[in-house]
Protein chains: 2
Amino acid sequence: MPEYQLYCFAQSGNSYKVALMLSFVGADWAPIFVDFFGNRDTRSQPYRADVNEMGEAPVLVHKARKLSQSGAILAYLAQRSGQLGGRDEIERYEIQRWILFDNHRFTAHLATHRFLTVFAKAGDPAVIGFLRGRVKSAFAIVENHLTATEFTVGSTATIVDISMCGYLFYPAHELWFDLAAEYPAISAWLGRIKALPRRAHPHDLMPGHPLADA
Amino acid sequence: MPEYQLYCFAQSGNSYKVALMLSFVGADWAPIFVDFFGNRDTRSQPYRADVNEMGEAPVLVHKARKLSQSGAILAYLAQRSGQLGGRDEIERYEIQRWILFDNHRFTAHLATHRFLTVFAKAGDPAVIGFLRGRVKSAFAIVENHLTATEFTVGSTATIVDISMCGYLFYPAHELWFDLAAEYPAISAWLGRIKALPRRAHPHDLMPGHPLADA
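Figured I'd write up the structure that's included with this text. (Residues numbered from 1 in each chain as written. Chains lettered and ligands numbered in written order. Predicted model: local features only at pLDDT ≥ 70, side-chain atom pairs only at ≥ 80, totals over all residues. Heavy atoms only, no water.)

## Some words on the sheet that holds strand 3 (residues 59–62) of chain A
Residue and element names in this part refer to chain A.
Link 1 in the chain: The sheet built from 4 strands is open, its strands ordered 2-1-3-4 with mixed pairing. At either end of the open sheet lies a strand with only one pairing partner, and these are strand 2 (29–33) and strand 4 (65–68). Averaged over all pairs of adjacent strands, the angle between strand axes in this sheet comes to 25°, irrespective of strand direction.
Link 2 in the chain: The pairing of strand 3 with strand 4 spans 4 bridges and is antiparallel. Bridged to Val 61 within strand 4 is Lys 66.
Link 3 in the chain: The sheet strands contacting helix 1 (residues 13–24) are strand 1 (4–8), strand 2 and strand 3, and the helix crosses strand 1 at an angle near 155°. (Pairing = 2+ DSSP bridges. Helix = DSSP H or I, 4+ residues; strand = E, 2+ residues; numbered from the N terminus. Axes fitted to C-alpha atoms, helices over the stretch in contact; angles between N-to-C directions. Contact = heavy atoms within 4.5 Å.)

## Details of helix 8 (residues 184–194) of chain A
All names here are of chain A.
Link 1 in the chain: Regarding helix 8, the residues found buried are Ala 185, Ile 186, Trp 189, Leu 190 and Ile 193. Projected onto a plane normal to the axis of helix 8, the buried residues spread over an arc of 140° and lie on a single side.
Link 2 in the chain: Contacts made by the buried residues of helix 8 are with helix 4 (89–120), helix 5 (125–146), helix 6 (159–164) and helix 7 (179–182). (Buried < 20%, exposed > 50% of the residue type's maximum accessible area, 1.4 Å probe, protein only. Arc of directions from axis to C-beta.)

## Let's talk about the pairing of strand 3 of chain A
Residue and element names in this part refer to chain A.
Link 1 in the chain: Burial along strand 3 is two-sided: Val 59 and Val 61 and Leu 60 and His 62, pointing in opposite directions, are all buried.
Link 2 in the chain: Summarising the sheet, strand 1 and strand 3 pair through 4 bridges and their orientation is antiparallel. Residue pairing for strand 3: Tyr 7 is matched across the bridge by Val 59.
Link 3 in the chain: As consecutive antiparallel partners, strand 3 and strand 4 are separated by 2 residues, and within that stretch Lys 63 has a phi angle of approximately 55°, a positive value.

## Re the environment of Pro 207 of chain B
Residues and elements named next belong to chain B.
Link 1 in the chain: Residue placement: Pro 207 occurs in the segment after helix 9 (202–205).
Link 2 in the chain: A C-alpha to C-alpha distance of 5.3 Å links Pro 207 and Ala 10, two positions 197 residues apart in sequence.
Link 3 in the chain: When sequence neighbours within four positions are dropped, the list of residues in contact with Pro 207 reads Cys 8, Phe 9, Ala 10, Pro 31 and Phe 33.

## What about the packing of aromatic side chains?
Link 1 in the chain: Using the criterion set out here, one finds 24 aromatic pairs over all chains in the structure.
Link 2 in the chain: Taken together, a centroid distance of 6.3 Å and an interplanar angle of 85° make the contact between Tyr 16 of chain B and Phe 169 of chain B edge-to-face. Of this pair, Tyr 16 of chain B sits in helix 1 (residues 13–24) while Phe 169 of chain B sits in the loop between helix 6 (159–164) and helix 7 (179–182), and the two are 153 residues apart along the sequence.
Link 3 in the chain: With relative accessibility at 0%, the residue Tyr 16 of chain B sits in the buried group.
Link 4 in the chain: Among the aromatic residues, ring-to-ring pairing joins Phe 106, Phe 139, Trp 176, Phe 177 and Tyr 183 of chain A into one connected group.
Link 5 in the chain: It is Arg 65 of chain B that lies over the ring of Tyr 93 of chain A; its NZ or CZ is 5.4 Å from the centre.
Link 6 in the chain: The ring of Tyr 170 of chain B has Arg 114 of chain B lying over it, and the distance from NZ or CZ to the ring centre is 4.0 Å. (Phe/Tyr/Trp six-rings, centres within 6.5 Å; stacked < 30°, edge-to-face > 60°. Lys NZ or Arg CZ within 6 Å of the ring centre and 35° of its normal.)

## So, the side chain of Glu 174 of chain B
Link 1 in the chain: Within the secondary structure layout, Glu 174 of chain B lies in the loop between helix 6 and helix 7.
Link 2 in the chain: Aside from chain neighbours lying at most four places away, what touches Glu 174 of chain B is Arg 114 and Val 118 of chain B.

The values reported here are purely geometric and, on their own, carry no functional implication.
This is the structure:
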């Protein structure tokens, strides 16, 4: 059995964050398919009871432990591997605060918007508009930050870059704006991540449900 | 000058998280009033340039450093004080994952709902309904979790309890549901936090703007 197992599915950007980290550090791992669009919803009672009371993917299985929340798993893997976790205490603090920002502002609204518009194909226009406003506000902060730095914290990639890119390698048509034109610094940073050794697309790291690709 | 200074205001539940931690550990600190409802909005350019590029409170000043994101500041203060940070690596991991959950699900939607309904007195009914659904989903997870445990992680209070209670000591009429009736485990847990030595109300720890109390 591989050292790590990851409950995940290809369309989950939060799962991708962990899968990409496992790829970057060269971990021995295998995915466990979560059939989010089929009959094993993460919000179902059996999943909550057996895998994650928070009703979410990803969940990393390591030895007897089940770990959830991508931001916490990334820190766990950085510490175990000695890679991508920042060079000193100040960098680790900066990484932590940007991971929190990613979780409650940058990823949060983009992922919810994507779920509603791409998969559920539902959502009141007022809600969609509200989420778009929140996405733009978060993107403006990150665009401004990345204008002055190659990676989010320091001059090399860390787990916070892995966290923040989680939803940005999916098809461009899922966004309602032109990322390259409106956010050149974010686009250039994404290009730098894409060029890193062992970077792979979400669909090449995790199994997906064919219906979700329609 | 006190050892710590905290950019904050009484109505900010995220600021309260840090103010309460400073109180619990007996720190030497003083507030710096952020006039969120007056002429010094955290989203203004001077605030972003001088205090926090993320445009948010709280910000903790310690020596030459300015620290933001309540979840990261709480971990920083736990480490420095040796208090409320969990007893071992497993507890610290659990604290981290629940702080992430608090930031992107539990506090996040409640704070946005409160801002729109209590202060801005704006927001499309569809958006308010959307946020209420997200709040209830997060509260159900926490209610279920606290049914089996005295505090969120382990048998004593830690920084994750401080994080999660941030918006729950404001007036009950700000909520649209009866917390004690619908969430008895959350209410009992709040009672345990309220009984801790040096617990104080947000308005007794931080300065506020009189207009916001109307």
